[in-house]
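Results of the structural survey
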2 protein chains.
Amino acid sequence: MPNGKAVKPAVRAKDDSRRSAKWHERRNGIIDLSAKVFAKRGYHATSTVELCEANQLGKGALYYYIGSKEHLLAAIHDRVMDEVMMGADRVALAGGSPAEQLAMLGQELVAVIMRYPDHVWVFLHEFHALTGENAKQFRRRRRQYEGRIEAVFEAGTASGQFRALDPRVTARAWLGMHNYTYLWLKDKGRLSAKEVAALFAEIFVWGVADPASEMVPPLDGRPAQVAGAS
Amino acid sequence: MPNGKAVKPAVRAKDDSRRSAKWHERRNGIIDLSAKVFAKRGYHATSTVELCEANQLGKGALYYYIGSKEHLLAAIHDRVMDEVMMGADRVALAGGSPAEQLAMLGQELVAVIMRYPDHVWVFLHEFHALTGENAKQFRRRRRQYEGRIEAVFEAGTASGQFRALDPRVTARAWLGMHNYTYLWLKDKGRLSAKEVAALFAEIFVWGVADPASEMVPPLDGRPAQVAGAS
């Protein structure tokens, strides 16, 4: 960038690392509050004026922190994807069998859904409103995460722990089961996020396990076995 | 209704059975086309004027067939719920073991999602825009369907075929796995809707099966075993 005048948002984004901690903090606050507004009113139905009002900012200030309305939507998606990918990294670092990896990935994913209900709502409902480079980046990151899930199923099949099922469709079945919790899992529900994820892991790992494998999970005394808990 | 003047939409709806076949056909056409518009632009962002344009109707005619914009949204939800409940009725009528019931329910559900992609998109994204009586009826019908799925899990546990897992959370896991296909299952995809539903049934039935039961499904030669199909 030869000069500092009239820097476009796409270029500006690359420079975010040079902003102050305070700038980032304020920016994150705007993203979080705007996620709530989008979740409630819908992305297309929310005007920039409404976003300014909700954030108690002028148009210039909103632009200074975020850029356009679509940049805001992209930032909300990034916030979810950042958390989800960090969770996947933690799981990869922790190691363990494919069954254990799958259980941990489920715990991480449900935890993000619980922590960011508005962001996840916007993420799942408005991703198609992203255009051009934003849409491309979102698809790339989502595909990257799906690939991590598929890899666990492939590793499970390779080790003989899981049956040889289509890894792509199996991963999507797993994702659907977990993502859909955004519609019903509540902070103070009958079962905690951890308990729900444990039950899901039990169903799914059993669902793909090869009964001929010694690694089939044991039946009794598992924490997810919640018979009579209802 | 003592007289025909100024009949409110809520009252009018009860009289739909007296309408002609042609009226119903035109009404369904409007519902289907409007589902496409809502799916593309979002419910809140779509104006009545745009709905009139898309359907090539005046405001009066739109009212004559549908009532308000929210009635249209409710009608889209009803169309999905009608199909889903009819599928559940067919499965109940067909009989069979809980495992077979579950597999058939999955086939029926995925078939509806494939047949009505726009309606299902609107159904899953815009249900929170329903208000008052419309919201109440939608929640009642959705709960009714969830109850049918839960009942299959309860029957499976009672018969010893399934382990004793929380039926409500298990039903939601199953629903999530199937409903989520609206995001990725395509008419001319690598696997057909039937194949995907069969794979889901294999994963789920194995996932909840009691290994001590004689009714655990056999491993070999099942159509859903799609190893190497990718």
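Keep in mind that this is a model prediction, so the values were computed, not measured.

The next subject is the overall build of chain A. A count of helical and extended segments in chain A gives 10 helices and zero strands. Listing each helix as α and each strand as β along chain A from the N terminus yields α-α-α-α-α-α-α-α-α-α. Within chain A, buried positions represent 41% of all 230 residues. For chain A, the share of sequence-separated contacts (at least 6 apart) that also reach a separation of at least 24 residues comes to 70%.

Listed per partner, the contact involves 35 residues of chain B and 35 residues of chain A. Mapped onto the side of chain B that touches chain A, the elements with two or more residues apiece are α9 (167-179) and α10 (193-208) of chain B. The greatest single-element share of the side of chain B that touches chain A, amounting to nine residues, is contributed by α9 of chain B. Here the side of chain B that touches chain A is composed, by residue class, of 22 nonpolar, nine polar and four charged.

On to the relation of the copies chain B and chain A. With an RMSD of 0.0 Å, the fit of chain B onto chain A corresponds to turning through 180° and sliding 0.0 Å along the axis. Here the transformation between the copies is reduced to the relation of a two-fold axis. Residue Gly207 of chain B, judged by its C-alpha, is the member of chain B lying nearest the rotation axis, at 1.8 Å.

This part covers helix α2 (residues 21-41) of chain B. Residue and element names in this part refer to chain B. Taking 1.5 Å per residue, 21 residues should reach 30 Å; α2 reaches 30 Å between its end C-alpha atoms and fits that length. Taken together, the buried positions of α2 are occupied by Ile30, Ile31, Ser34, Ala35, Phe38 and Ala39. What you see down the axis of α2 is that its buried residues fit within an arc of 160°, all on one side. α2 presents Ala21, Lys22, Glu25 and Gly29 as exposed residues on the side facing more than 90 degrees away from its buried surface.

Within the sequence span of helix α7 (residues 117-126) of chain B, burial applies to His119, Val120, Trp121, Val122, Phe123 and His125 of chain B. Where α7 of chain B is buried, its residues contact α7 (117-126) of chain A together with α2, α5 (69-94) and α6 (98-115) of chain B.

Axis angle and axis distance: for two packed helices, these are the angle between their axes and the distance between the axes, and together they describe the pair. Residues and elements named next belong to chain A. Packing of helix α8 (residues 132-158) against helix α9 (residues 167-179) leaves a shortest axis separation of 9 Å and a crossing angle of 115°. For the element pair α8 and α9, the recorded crossing hand is right-handed. Residue-level contacts link Glu146, Ile149, Glu150, Phe153 and Glu154 of α8 to Pro167, Arg168, Thr170, Ala171, Trp174 and Leu175 of α9. Its residues placed into classes, the contact of α8 with α9 shows six nonpolar, one polar and four charged.

Residues and elements named next belong to chain B. Structurally, Arg148 is set in helix α8 (residues 132-158). According to the C-beta neighbour criterion, Arg148 is partly exposed, with 18 such atoms within 10 Å. Separated by 54 residues in the primary sequence, Arg148 and Ala94 have C-alpha atoms spaced 14 Å apart.

Rules and cut-offs
- Residues numbered from 1 in each chain as written.
- Chains lettered and ligands numbered in written order.
- Predicted model: local features only at pLDDT ≥ 70, side-chain atom pairs only at ≥ 80, totals over all residues.
- Helix = DSSP H or I, 4+ residues; strand = E, 2+ residues; numbered from the N terminus.
- Buried ≥ 20, exposed ≤ 12 C-beta atoms within 10 Å, placed from the backbone.
- Contact = placed C-beta atoms within 7 Å.
- Nonpolar A, V, L, I, M, F, W, Y, C, P; charged D, E, K, R; others polar.
- Least-squares fit on C-alpha atoms with pLDDT ≥ 70 in both.
- Expected span 1.5 Å × (residues − 1).
- Arc of directions from axis to C-beta.
- Axes fitted to C-alpha atoms, helices over the stretch in contact; angles between N-to-C directions.
- Left-handed = near helix turned anticlockwise from the far one by under 90°.

Any link to function would need more than the numbers given here.
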